[in-house]
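# Secondary and tertiary structure notes
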Amino acid sequence: MKYGKPMTLAALAAATALTLTACGGSDDGGGESSGGDGGDSVRIGIKYDQPGLGFKDGEEYTGFDVDVAKYVAKELGYSEDQIEWVESPSANRENMLSNGQVDMIFATYSITDKRKESVGFAGPYFVAGQDLLVSQDNSDIQGPEDLEGKNLCSVTGSTSAQKIKDEYAGTVNLVEQGGYADCVTMLGSGGVDAVTTDDIILAGLAATDANSGKFKVVGNPFTEEKYGVGISKDSDKCQAINDAITKMVDDGAWEDAVTKNTEGADYKYNEDLNPPTPDACA
Ligand code: GLU
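What counts as what
Residues numbered from 1 in each chain as written. Predicted model: local features only at pLDDT ≥ 70, side-chain atom pairs only at ≥ 80, totals over all residues. Heavy atoms only, no water. Helix = DSSP H or I, 4+ residues; strand = E, 2+ residues; numbered from the N terminus. Buried < 20%, exposed > 50% of the residue type's maximum accessible area, 1.4 Å probe, protein only. Contact = heavy atoms within 4.5 Å. Areas by Shrake-Rupley, 256 points an atom, 1.4 Å probe, with all protein chains shown as cover. Disulfide = S-S within 2.5 Å. Axes fitted to C-alpha atoms, helices over the stretch in contact; angles between N-to-C directions. Parallel < 35°, antiparallel > 145°, perpendicular 65-115°, else oblique. Left-handed = near helix turned anticlockwise from the far one by under 90°. Nonpolar A, V, L, I, M, F, W, Y, C, P; charged D, E, K, R; others polar.

### A look at the overall build of the protein
Summing up its helical and strand segments, the protein has nine helices and 13 strands in all. Considering the protein as a whole, with its 282 residues, one finds that 49% of them fall into the buried category. The long-range fraction of contacts in the protein, counting pairs at least 24 apart against all pairs at least 6 apart in sequence, stands at 73%. Carbon and sulfur atoms make up 47% of the accessible area of the protein, which totals about 12800 Å².

### Some points on the state of the cysteines
For the structure on display, the rule yields two disulfides. Each sulfur in the disulfide pair Cys153 and Cys183 lies 2.1 Å from the other. Measuring handedness by torsion sign, the sulfur bridge of Cys153 and Cys183 sits at about -70° and is left-handed. Note that Cys153 is positioned in strand E9 (residues 151-155) and Cys183 in helix H6 (residues 180-188), a separation of 30 residues in sequence. Note on Cys183: relative accessible area 0%, which makes it buried. Residue pairing for Cys238: its cysteine sulfur links by disulfide to Cys281, the two sulfurs lying 2.1 Å apart.

### Re the packing of helix H2 (residues 64-75) against helix H9 (residues 253-262)
Orientation of H2 relative to H9, taken along the N-to-C sense of each, is 155°, at an axis distance of 9 Å. Overall, the two elements H2 and H9 adopt an arrangement that is roughly antiparallel. As H2 runs across H9, the sense of the crossing is right-handed. When H2 is examined against H9, the residues Phe64, Asp67 and Tyr71 are found in contact with a partner set consisting of Ala253, Trp254, Ala257, Val258, Lys260 and Asn261. Across the contact of H2 with H9, the residue classes tally to six nonpolar, one polar and two charged.

Shown next as structure tokens:
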């Protein structure tokens, strides 16, 4: 395969096996390009701690990002058992792509100009909005302007934390954690007054059995977060990924995946913005 940089021993073994079996036509025929895709594995970065989006439970990986990733991988010629899932926390995503630790990232990863300086993006495949999560009985906090003097949790390396630093520095006390589940734990124990990130992430965390009835999403989104598929800057897969996303929307699998993964959560995606049309590849 062309876009993994340092080859692991396992990848090398797989590539060798592919060379030997290439004439046998062992791949499923879904590959976009000739020359080996479909015989190797693909390393896909996801979140492990965002229920409904990217979640690891034992050896099971679930969520909307996981479903979109599986669909796209299949269109690129990879079966599910050729996917190697890799945890990609918010702060590590650009590095993981630039270092070749993963081939693609589907991890509630907003497309931004700043990130585009170091990585590439296909998509978007979803548009969310930044919002706030508060205790169920809290009626004072309706938006970020109500956070003066309050403790607010978000995640290092996210657009959510950056937005607060850019626009509410000095009024809000921002507490940064490595993941949103950690923030929700702090909210539950009274360590912070609110958690901020994308509405769909907050709704998924609020809907777990353990959190049921404890928290609510304020419901006043104040940004647009376009979720892209992170790829390395020199990847040649952008168009194939965009074609796969378009196919997923057209055949109904996108809608099914959103519905399935938000079931039980108090969440409805913004119909004016979804499903989005992928941007032209650079
Ligand atoms: N979508 C935002 C971002 O890419 C927030 C969610 C996240 O941290 O994954 O930074």
